[in-house]
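Take a look at the letters that make up each chain.
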Amino acid sequence: MIPKAFKRALWVFHVNSGSCNGCDIEIIAALTPRYDVERFGIRLVGSPRHADVIAFTGPVTKDMADKVKRIYEQTPDPKVILVVGSCGISGGVFHESYHLAGPIERIIPEAKCFYVPGCPPRPEAIIQGVIKAWEFLEEVEKK
């Protein structure tokens, strides 16, 4: 069920923090006519300053750690992080790499995160994760 109390479209800013692009392709698949998430009011935006949700794909590399923090800080409150794919959750196949800074919750411990597991997760799972984030934001808006 799509939430109704959130009075506007849900805007998502997508960040590739070091992924292999498998999850990125599945996010794009959710935008294609087969799934067409824009009909529900879910839109990708080009700036974190306009976003309600930040969707991270891939593990956070050392080069991206400060950029991830900056993107989080630029996003207006209330904000939610959607971690898409196993690599963003645990490091996935890259978990022993010397170049990883860690999962998102280690970089931004105060963030409210929702997780979409899979390698890569299917578009249906990504849509479900976005809806869970939307429901959380809806509760925050009511308060």
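See above for the structure.
Within each chain, residues carry numbers counting from 1 in the order of the written sequence. This being a predicted model, a pLDDT of at least 70 is required before a residue's local features are given, and a value of 80 or more before pairs of side-chain atoms are given or counted; all residues contribute to the totals for chains, interfaces and linings. Water and hydrogen atoms were dropped before computing side-chain values, which therefore reflect all heavy atoms in the structure.

Engineer: Which parts of the structure should I look at to understand the side chain of Ser-19?
Structural biologist: Starting at the N terminus, helices and strands are each numbered in turn, a helix being any DSSP run of H or I of at least four residues and a strand any DSSP run of E of at least two. Relative to the helices and strands, Ser-19 is located in the loop between strand 1 (10-16) and helix 1 (22-31). Exposed residues in this analysis have more than 50% of their type's maximum accessible area, buried residues have under 20%, and partly exposed residues fall in between, with area computed by a 1.4 Å probe over protein chains only. Ser-19 gets classed as buried once you look at its relative accessible area, which sits at 17%. Within the structure, the side chain of Ser-19 is placed 2.9 Å from the side chain of Asp-24, a separation counted as a polar contact. Ignoring any residue separated from it by four or fewer positions in sequence, one finds Ser-19 in contact with Asp-24, Thr-57, Gly-58 and Pro-59. Between N or O atoms, a polar contact is any pair within 3.5 Å; within protein, one atom must be a potential hydrogen donor and the other a potential acceptor, and residues adjacent in sequence are included only when both atoms are from side chains. In what follows, residue pairs with any heavy atoms lying within 4.5 Å of each other are defined as contacts.

Engineer: Looking at this structure, how should I read the pattern of salt bridges?
Structural biologist: Side chains that carry opposite charge are capable of pairing whenever their charged atoms lie near each other. Salt-bridge detection follows one rule: a side-chain nitrogen of Lys or Arg within 4 Å of a carboxyl oxygen of Asp or Glu. Scanning the model with the defined rule gives 4 salt bridges in all. The salt bridge partner of Asp-66 is Arg-70, with a shortest N-O separation of 3.8 Å. Placement of the pair is Asp-66 and Arg-70 together in helix 2 (residues 65-74), with a separation of 4 residues, close to one helical turn. Its salt-bridge partner being Arg-122, residue Glu-124 comes within 3.4 Å of it at the nearest N-O pair. The partly exposed category is assigned to Glu-124, whose relative accessible area is 38%. Linked by salt bridges that have partners in common, Asp-66, Lys-67 and Arg-70 make up one network.

Engineer: Can you help me understand unusual backbone geometry in this one?
Structural biologist: Residues other than glycine predominantly adopt negative phi, and peptide bonds predominantly adopt the trans conformation. Looking along the chain, the bond that leaves Asp-77 and enters Pro-78 is cis, with omega of -10 degrees. Looking at the element boundaries, Pro-78 is found in the loop between helix 2 and strand 5 (80-84). The phi dihedral of Asn-21 falls on the positive side, at around 85 degrees, and the residue is not glycine. Summarising the element assignment, Asn-21 is placed in the loop between strand 1 and helix 1. Its relative accessible area of 39% is what places Asn-21 among the partly exposed residues.

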